[in-house]
Amino acid sequence: MLRRSILKLGAALAVTVGFAGTASAEINGPVNYVIPFGPGGESDISARFQQPFFKDKFGEDLVISYQPGGGGAVGWASLNGLSGDGQTIMGVNLPHIIVKPAQKDVGFTTDDLNIAYMFHFTPDAIVVRADSPYQTLQDLIDDAKANPAQVTMSGSGKASANHLAQIKFDKMAGVQTTYVPFKGTGAAVTALLGNQVKAEWGYTTVGAKQGDQVRLLAVAMEERHPLFPDVPTFKELGYDMVGGAYRGIALPNTASEATTKLWSDMIADINSDPAFRQQMLDGGFALLDVGVAEMDDFMKARAEEYLKDAREAGLIK
């Protein structure tokens, strides 16, 4: 008990005085962790995975709240009106925060957001029912070539990671499939399982959650996901596709550099915990470690890719 009390005290002091280079930053009391979507999605799931690790390491509670609307835009537009004292953070998602403000005025711009850390992504994957006639990705491609626009594929939203993946893949494979947007991953999965579509542009998390009900044909990763060792990557099959829905946290832009760095360090500490990493992999996620120091370069690269794909597809001018 004494040793654990000492560890707790050390964690509390680390939060109060900060990590190296963040001596003026501190966290005092529960933190409001705003998810700009409804409950139950991947953003909510990952935040709940982070909760106990944050409490154990830093002695404070992450209190999750929801601010859905506009595919995240309502929350992101309100972020900079919140206090920058470090007691409020908000989830951010790619490609949403890049593509949405490029389409129209949604109350924020990408540059408005003070992003502290990007901690994982849910790799894009083509998902079919377990009883689907598509045993391989080539089976789906052959059908799409023989029957243009007749291969229907559900996905989460328009101009989303799923939608951009469908656009990119159709171009690479020389096929024309029909993307059917639904309000969230859950609804897209329901459409797949209910035979409303032939396949889904989903994520590896869908495979993890649905188990034997579905089969993955390919995943958009550099290497195979350890949860699905028999599922090839798109790159293995000749399609240079790596990506999905990226997630991280942002603070109001009034937060000091020290406070932003403190949060970058704290999320990095959670992300490096072996137990946390295993829990994330078991859930179908892929870990990512982009701190505040690397954020500008990371966001620039993502913006170039997403905006190019969205323009070619006519999603933005």
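Attention in this report is confined to the structure presented alongside it. Everything numeric here is computed off the predicted structure, so don't read it as measured data.

For the rest of this paragraph, the subject is the pairing of strand 1 (residues 31-35). For strand 1, the buried fraction is high: 4 of the 5 residues fall into the buried class. For strand 1 and strand 2 (residues 62-66), the ladder comprises 5 bridges, and the chain directions are parallel. For Val 31, the partnering residue across the bridge sits in strand 2 and is Leu 62. A crossover connection joins strand 1 to the parallel strand 2 through helix 2 (residues 42-58); in handedness this β-α-β unit is right-handed.

Moving on: the nonpolar core. As a rule of thumb, soluble globular proteins bury nonpolar side chains together. Residues Ile 97, Met 118 and Trp 263 are the most contacted members of the largest nonpolar core, which totals 74 residues. Broken down by element, this core gets its largest block of residues, 8 residues, from strand 4 (residues 114-129). Counting 21 residues, the second largest nonpolar core, distinct from the first, contains Leu 140, Val 151, Ala 173 and Ala 220.

To continue, consider the packing of helix 6 (residues 161-173) against helix 11 (residues 295-312). Their axes nearest at 10 Å, the elements helix 6 and helix 11 cross at an angle of 70 degrees. By the angle between their directions, the pair helix 6 and helix 11 is classed as roughly perpendicular. Here helix 6 contributes Leu 164, Ile 167, Lys 168 and Lys 171 to the contact with helix 11, which in turn contributes Glu 305, Tyr 306, Asp 309, Ala 310 and Glu 312. Tallied by class, residues from the contact of helix 6 with helix 11 come to 4 nonpolar, no polar and 5 charged.

The next thing to look at is the packing of aromatic side chains. For the structure shown, the criterion picks out 12 aromatic pairs. Arranged with centres 5.8 Å apart and planes meeting at 85 degrees, the rings of Phe 37 and Trp 76 form a pair that is edge-to-face. With a gap of 39 residues between them, Phe 37 in the loop between strand 1 and helix 2 and Trp 76 in helix 3 (residues 73-78) connect regions that are remote in the sequence. With respect to class, Phe 37 is no different from Trp 76; both count as buried. The structure contains a cluster of three or more aromatic residues connected by ring pairs, namely Phe 169, Trp 201, Phe 234 and Tyr 239. The cationic tip of Arg 302 hangs over the ring face of Tyr 246; the distance from NZ or CZ to the ring centre is 5.9 Å. Its guanidinium or amino end placed over the ring of Phe 298, Arg 302 lies 5.1 Å from that ring's centre, counting from NZ or CZ.

Definitions and cut-offs
- Residues numbered from 1 in each chain as written.
- Predicted model: local features only at pLDDT ≥ 70, side-chain atom pairs only at ≥ 80, totals over all residues.
- Heavy atoms only, no water.
- Buried < 20%, exposed > 50% of the residue type's maximum accessible area, 1.4 Å probe, protein only.
- Helix = DSSP H or I, 4+ residues; strand = E, 2+ residues; numbered from the N terminus.
- Pairing = 2+ DSSP bridges.
- Right-handed = clockwise from strand over helix to strand, strands pointing away.
- Core = buried A, V, L, I, M, F, W, Y, C linked by side-chain atoms within 4.5 Å.
- Axes fitted to C-alpha atoms, helices over the stretch in contact; angles between N-to-C directions.
- Parallel < 35°, antiparallel > 145°, perpendicular 65-115°, else oblique.
- Contact = heavy atoms within 4.5 Å.
- Nonpolar A, V, L, I, M, F, W, Y, C, P; charged D, E, K, R; others polar.
- Phe/Tyr/Trp six-rings, centres within 6.5 Å; stacked < 30°, edge-to-face > 60°.
- Lys NZ or Arg CZ within 6 Å of the ring centre and 35° of its normal.

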